Amino acid sequence: MVDELGRVIGLRLRHWKTGSKWAVSGGRNGLFVPLQTLENVERLYLPEGASDLAALLSIGLPGIGRAFGGGAGILESKYVRRTRPNECVIVADNDATGKGSATSLRTALVTACPLVRIISPPESFKDLRDWVANGAKREDVILAADSAVPTSLRIRSEVRR
């Protein structure tokens, strides 16, 4: 896991057989960022976790993975401010925690990105990894993002005399 500048701050592992996850002690939660650069990306996807990010990358879409669903969005916002995508698409897991954390992340990201959308896989799938493993293609995820209502920050100024 890395911080917004790409510095390693933690290491998360998954058992290849059981699927259980754990973190190496002494580290901190961070972002999962692919090795290829994400500068000048028009639309950045933010799925939850490393395996959802791997699924996203496998269908050719750019993104960073969030280490856990309950974060405050601080690292994500800093990363987005630095890389400056025109749009962010949060990919929520299909559970109450996933949808709640996506809403919180949207609140944080709307100050860093002009447009923020939230999508979820169809209800029959647990998360993006499950959706892709069961046949979702790049076009399916793009269509879901295109169909989601964008949120943007509107600043209202009043002139007082």
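Every value quoted in this text rests on a predicted model; they were computed, and no experiment measured them. (Residues numbered from 1 in each chain as written. Predicted model: local features only at pLDDT ≥ 70, side-chain atom pairs only at ≥ 80, totals over all residues. Heavy atoms only, no water.)

Draft legend 1. Region of interest: the overall build of the protein. Within the protein one finds five helices and seven strands. The secondary structure elements of the protein, listed N-terminal to C-terminal, are β-β-β-β-α-β-α-β-α-β-α-α. Rg of the C-alpha trace for the protein: 16 Å, near the compact-globule value of 15 Å for 161 residues, within the 12% margin. Overall, the protein is about 70 × 35 × 30 Å in size when its C-alpha atoms are taken along their principal axes. Within the protein, the fraction of its 161 residues that count as buried is 42%. Of the contacts made within the protein by residues no fewer than 6 positions apart, 65% connect residues no fewer than 24 positions apart. As presented, the protein carries roughly 9300 Å² of accessible surface, and 54% of it is formed by carbon and sulfur atoms. Taken as two groups, the 23 positive and 17 negative side-chain charges of the protein have centres that lie 5 Å from each other. (Helix = DSSP H or I, 4+ residues; strand = E, 2+ residues; numbered from the N terminus. Rg over C-alpha atoms; globule rule 2.2 N^0.38 Å. Buried < 20%, exposed > 50% of the residue type's maximum accessible area, 1.4 Å probe, protein only. Contact = heavy atoms within 4.5 Å. Areas by Shrake-Rupley, 256 points an atom, 1.4 Å probe, with all protein chains shown as cover. Lys, Arg positive; Asp, Glu negative; His and termini not counted. Charge placed at Lys NZ, Arg CZ, Asp CG, Glu CD.)

Draft legend 2. Looking closely at the environment of Thr-83. Within the secondary structure layout, Thr-83 lies in helix α2 (residues 74-83). Residue classification places Thr-83 among the buried residues on the basis of a relative accessible area of 6%. Between the alpha carbons of Thr-83 and Thr-97 there is a distance of 27 Å; along the sequence they are 14 residues apart. Beyond its immediate sequence surroundings of up to four residues, Thr-83 is in contact with Leu-38, Glu-39 and Asn-40.

Draft legend 3. Local environment of helix α3 (residues 96-109). Helix length check: α3 (14 residues) gives 20 Å between terminal C-alpha atoms against 20 Å at 1.5 Å per residue, within 8%. Along α3, the residues that are buried comprise Gly-98, Ser-101, Ala-102, Leu-105, Ala-108 and Leu-109. Relative to the axis of α3, the buried residues are bounded by an arc of 120° and lie together on one face. The exposed residues of α3 that point more than 90 degrees off its buried face are Ala-96 and Thr-107. Its buried side turned inward, α3 meets β4 (43-47), β5 (65-66), α2, β6 (87-91) and β7 (115-119). (Expected span 1.5 Å × (residues − 1). Arc of directions from axis to C-beta.)

Draft legend 4. The pairing of β4, seen in detail. Of all five residues in β4, five are buried; the element is thus mostly enclosed. The alternating pattern of β4 places Arg-43, Tyr-45 and Pro-47 on one face and Leu-44 and Leu-46 on the opposite face, and all of these are buried.

Draft legend 5. How the structure looks around the pattern of salt bridges. Taken as a whole and judged by the stated rule, the model has six salt bridges. For Arg-7, the salt bridge is made with Asp-3, and the minimal N-O distance between the two is 2.6 Å. Its relative accessible area of 48% is what places Arg-7 among the partly exposed residues. Glu-87 serves as the salt-bridge partner of Arg-43, at 3.2 Å between the closest nitrogen and oxygen. Remark: Glu-87 occurs in strand β6 and Arg-43 occurs in strand β4; sequence separation between them is 44 residues. (Salt bridge = Lys/Arg side-chain N within 4 Å of Asp/Glu carboxyl O.)

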